[in-house]
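Each chain is listed here by its residues.
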Amino acid sequence: WPTYRDLASANLDQVRALWTGLGYYRRAEYLLLGAQGMVANGGLPRTHDEWLKVKGVGAYTAAAIASVCFGERVPLVDGNVIRVFSRLKKI
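Rules of the game
Residues numbered from 1 in each chain as written. Predicted model: local features only at pLDDT ≥ 70, side-chain atom pairs only at ≥ 80, totals over all residues. Heavy atoms only, no water. Patch = residues over 30% accessible without salt bridge, like charges linked within 9 Å, V, L, I, M, F, W, Y side chains within 5 Å. Areas by Shrake-Rupley, 256 points an atom, 1.4 Å probe, with all protein chains shown as cover. Salt bridge = Lys/Arg side-chain N within 4 Å of Asp/Glu carboxyl O. Helix = DSSP H or I, 4+ residues; strand = E, 2+ residues; numbered from the N terminus. Buried < 20%, exposed > 50% of the residue type's maximum accessible area, 1.4 Å probe, protein only. Core = buried A, V, L, I, M, F, W, Y, C linked by side-chain atoms within 4.5 Å. Contact = heavy atoms within 4.5 Å. pLDDT = per-residue confidence, 0-100. Polar contact = N/O pair within 3.5 Å; in protein donor to acceptor, adjacent residues only side chain to side chain.

### Quick notes on a nonpolar patch on the surface
Together, Val84, Phe85 and Leu88 give the surface a local cluster of nonpolar side chains, amounting to about 330 Å² of exposed area. With respect to the helices and strands, leucine 88 occurs in helix α6 (residues 79-88). Accessibility expressed as a relative area gives 60% for leucine 88, which makes it exposed.

### Considerations on the nonpolar core
Ranked by size, the top nonpolar core spans eight residues in total: Leu7, Ala8, Ala10, Val15, Trp19, Ala28, Leu32 and Ala35. Mapped by element, the contributors of at least two residues to this core are α1 (4-8), α2 (12-19) and α3 (26-40). The element best represented in this core is α3, accounting for three residues. Beyond its immediate sequence surroundings of up to four residues, valine 15 is in contact with Trp1, Leu7, Ala10, Ala28 and Leu32. Counting residues in hydrophobic clusters, the runner-up holds five residues, among them Trp51, Val54, Val57 and Ala62.

### Concerning the confidence of the model for the chain
Scored by pLDDT, the chain has a mean of 94; 100% of the residues are at 70 or more. Predicted confidence in the chain is weakest over α6, with a mean pLDDT of 86, and strongest over α1, with 98.

### Re the environment of cysteine 69
One can find cysteine 69 in helix α5 (residues 59-70). Take cysteine 69: its relative accessible area is 55%, and that puts it in the exposed class.

### Concerning α2
By the N-cap criterion, in which a side-chain oxygen at the helix start approaches the backbone nitrogen of a residue two or three places on, α2 is capped by asparagine 11, the distance to aspartate 13 being 3.0 Å. In the segment just after α2, glycine 21 is the residue with positive phi, at about 95°.

Shown next as structure tokens:
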């Protein structure tokens, strides 16, 4: 599926068949549901808050996409950053 719109027209069995061997099969379902949600909601999200509404997209991924692809000024903080600051501050 070259676009999210093409993916949205697939069914879960087709997506799972291509996902075979990759592990964590829930991601395949989220990928399909996310594509279907974007089509249902009018297209590709552009902001951090819009990306958070896409099934399977968490805070870090939403911030990364909004920041890198659309220039939104949002912080990218993942578990590694939190762990480093926790150790530096001895929390």
